Amino acid sequence: MSTLILRLLREAVPIIVMIGLIPFFTDDTYLAAIYILMCALILAVRRDKHDLIFFAFGFMALFISEYFFVSTGVEVFLRNSLLGIMPLWLPILWGYAFVAIRRSIGILEDHLK
């Protein structure tokens with residue numbers, strides 16, 4: 001069981017770090033660059049077969065979803081450096097979150113076999 005928790009934590013830590021960095025950077029461009037660098041390093045060290053597809057899907061699907069949420073007033077961002085509606089770094093965070101979710105599902109499936 002502890003191995004399962006450690007494997008799941010390994011997938012969650014980059015997202016926790018990314019979210020933790022948000023209050024320390026007021027410039028969304030710098031934060032987006034850091035996120036891109038982090039994602040590139042993580043995927044270079046360990047990339048599963050379809051990680052880039054999941055990253056791209058998460059990036060685009062959540063960009064579109066967030067756009068509609070903001071345009072309908074459901075969501076409001078104080079930082080709106082991407083097209084005046086959301087933070088520039090947000091789709092990058094969502095893209096990697098999709099990769100981490102996919103990997104976590106694989107870990108859980110292996111554990112439940």
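Residues numbered from 1 in each chain as written. Predicted model: local features only at pLDDT ≥ 70, side-chain atom pairs only at ≥ 80, totals over all residues. Heavy atoms only, no water.

### A few points about the overall build of the chain
Then step 1. Along the backbone of the chain there are four helices and zero strands.
Then step 2. In the chain, the succession of α and β elements from N to C terminus is α-α-α-α.
Then step 3. Viewed in the frame of its principal axes, the chain has a C-alpha envelope of about 45 × 30 × 25 Å.
Then step 4. Looking at the 113 residues of the chain, the share that counts as buried comes to 34%.
Then step 5. Carbon and sulfur atoms make up 73% of the accessible area of the chain, which amounts to about 7200 Å² in all.
Then step 6. Taken together, the 9 basic and 9 acidic charged side chains of the chain have centroids lying 10 Å from each other. (Helix = DSSP H or I, 4+ residues; strand = E, 2+ residues; numbered from the N terminus. Buried < 20%, exposed > 50% of the residue type's maximum accessible area, 1.4 Å probe, protein only. Areas by Shrake-Rupley, 256 points an atom, 1.4 Å probe, with all protein chains shown as cover. Lys, Arg positive; Asp, Glu negative; His and termini not counted. Charge placed at Lys NZ, Arg CZ, Asp CG, Glu CD.)

### Quick word on the packing of helix α2 (residues 28-45) against helix α4 (residues 90-112)
Then step 1. At a minimum axis distance of 9 Å, the contact between α2 and α4 shows a crossing angle of 25 degrees. The orientation of α2 relative to α4 falls into the category roughly parallel. Taken as a pair, α2 and α4 cross one another with a handedness that is left-handed. On the side of α2, the interface is formed by A32, Y35, I36, C39, I42 and L43, while α4 contributes I92, L93, Y96, V99 and R103.
Then step 2. The residue makeup of the contact of α2 with α4, split by class, is 10 nonpolar, no polar and one charged. (Axes fitted to C-alpha atoms, helices over the stretch in contact; angles between N-to-C directions. Parallel < 35°, antiparallel > 145°, perpendicular 65-115°, else oblique. Left-handed = near helix turned anticlockwise from the far one by under 90°. Contact = heavy atoms within 4.5 Å. Nonpolar A, V, L, I, M, F, W, Y, C, P; charged D, E, K, R; others polar.)

### Description of a nonpolar patch on the surface
Then step 1. A contiguous nonpolar patch, built from I5, L6, L9, V13 and V17 and spanning about 430 Å² of accessible area, is present on the exposed surface.
Then step 2. Tracing the backbone shows V13 in helix α1 (residues 2-21).
Then step 3. For V13, a relative accessible area of 41% translates into the label partly exposed. (Patch = residues over 30% accessible without salt bridge, like charges linked within 9 Å, V, L, I, M, F, W, Y side chains within 5 Å. Salt bridge = Lys/Arg side-chain N within 4 Å of Asp/Glu carboxyl O.)

### Remarks on the confidence of the model for the chain
Then step 1. The pLDDT averaged across the chain works out to 93; a share of 99% of its residues lies at or above 70.
Then step 2. Element-level pLDDT for the chain is lowest in helix α3 (residues 51-71), with a mean of 94, against a maximum mean of 96 in α2. (pLDDT = per-residue confidence, 0-100.)

### Concerning the nonpolar core
The nonpolar side chains of a soluble globular protein tend to be buried with one another.
Then step 1. Formed by 24 residues in total, the largest nonpolar core has its most connected members in M18, Y35, W89, L93 and Y96.
Then step 2. The set of elements that each furnish at least two residues to this core consists of α1, α2, α3 and α4.
Then step 3. Setting aside its immediate chain neighbours within four residues, W89 contacts I22, D28, L31, A32, Y35 and R79. (Core = buried A, V, L, I, M, F, W, Y, C linked by side-chain atoms within 4.5 Å.)

### Observations concerning unusual backbone geometry
Then step 1. The phi angle at L83 is positive, at roughly 55 degrees, despite the residue not being glycine.
Then step 2. With respect to the helices and strands, L83 occurs in the loop between α3 and α4.
Then step 3. Judged by relative accessible area, L83 falls into the exposed class, the value being 61%.

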